Amino acid sequence: MRKEDTVKLISAEGFEFVIDRKAALVSNTLKNMLTSSGSFTETELGEVKFPEISTPILEKVCQYFYWSLQFASGKETEFHIEPEITLELMMAANYLHT
């Protein structure tokens, strides 16, 4: 896979998730960050730092991106969310417009 086909998402703790660009573009916020014209760091480097999103939450967000692509292509499966992370996950989803 080529570097331009991936995006690096970095959690508050510094953990790096390298995901397919297609998956990242599920998020309207990431889509705007990664496709905007101009010399923004996110656009040039293909990486986005999230100082307010913890590693477990960002991991779940990444899982959702892939699940969303599968769902859009007709594969209907359940997306399980642990009750103890629901509030924090909803806040991240709201920020990411997912």
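Quantities reported herein were computed from a predicted structural model and do not represent experimental measurements.

## Topic: the overall build of the protein
- A tally of helices and strands in the protein yields 5 helices and 3 strands.
- Traced from its N-terminal end to its C-terminal end, the protein shows the element sequence β-β-α-α-α-β-α-α.
- In summary, the protein has a C-alpha radius of gyration of 13 Å against a globular reference of 13 Å for 98 residues, a match within 12%.
- Reported as C-alpha extents along the three principal axes, the dimensions of the protein are approximately 40 × 30 × 20 Å.
- Among the 98 residues that make up the protein, the fraction classed as buried is 33%.
- The contacts in the protein between residues at least 6 apart in sequence include a share of 60% that link residues at least 24 apart.
- Accessible area of the protein: about 6400 Å², with a carbon and sulfur share of 55%.
- The average position of the 9 basic charges and that of the 15 acidic charges among the side chains of the protein differ by 8 Å.

## Details of the sheet that holds strand S3 (residues 47-49)
- The sheet built from 3 strands is open, its strands ordered S2-S1-S3 with mixed pairing. Each of the sheet's edge strands pairs with one partner strand only, and the pair in question is strand S2 (16-20) and S3. In this sheet, neighbouring strand axes are inclined to one another by 20° on average, regardless of whether the strands run parallel or antiparallel.
- Here strand S1 (residues 6-10) pairs with S3 via 3 bridges, running parallel. Within S3, the residue paired with Lys8 across the bridge is Glu47.
- Strands in contact with helix H4 (residues 55-72) are S1 and S2; relative to S2, the strand with the most contacts, it is inclined by about 5°.

## Observations regarding the nonpolar core
- In this structure, Leu9, Ile19, Leu30, Phe50, Val61 and Phe65 are the most contacted members of the largest nonpolar core, which totals 21 residues.
- Residue contributions to this core peak at 5 residues, all from H4.

## Quick look at the confidence of the model for the protein
- Summarising the model, the protein shows a mean pLDDT of 91, and 96% of its residues fall at 70 or more.
- Here helix H3 (residues 41-45) stands out as the least confident element of the protein, with mean pLDDT 79; S2 is the most confident, with 97.

## A word on the pairing of S1
- The buried count for S1 comes to 4 of 5 residues, which makes it a mostly enclosed element.
- Alignment of S1 against S2, held across 5 bridges, turns out to be antiparallel. Bridge pairing in S2 places Ile10 opposite Glu16.
- Adjacent in sequence and paired antiparallel, S1 and S2 are bridged by 5 residues, among which Gly14 carries a positive phi angle near 95°.

## Observations regarding the side chain of Thr55
- The topology assignment puts Thr55 in helix H4.
- We classify Thr55 as buried; its relative accessible area is 16%.
- With residues up to four places along the chain from it excluded, the contact list for Thr55 reads Ser11, Glu13, Phe15 and Phe17.

Each value, and the rule that gives it
- Residues numbered from 1 in each chain as written.
- Predicted model: local features only at pLDDT ≥ 70, side-chain atom pairs only at ≥ 80, totals over all residues.
- Heavy atoms only, no water.
- Helix = DSSP H or I, 4+ residues; strand = E, 2+ residues; numbered from the N terminus.
- Rg over C-alpha atoms; globule rule 2.2 N^0.38 Å.
- Buried < 20%, exposed > 50% of the residue type's maximum accessible area, 1.4 Å probe, protein only.
- Contact = heavy atoms within 4.5 Å.
- Areas by Shrake-Rupley, 256 points an atom, 1.4 Å probe, with all protein chains shown as cover.
- Lys, Arg positive; Asp, Glu negative; His and termini not counted.
- Charge placed at Lys NZ, Arg CZ, Asp CG, Glu CD.
- Pairing = 2+ DSSP bridges.
- Axes fitted to C-alpha atoms, helices over the stretch in contact; angles between N-to-C directions.
- Core = buried A, V, L, I, M, F, W, Y, C linked by side-chain atoms within 4.5 Å.
- pLDDT = per-residue confidence, 0-100.

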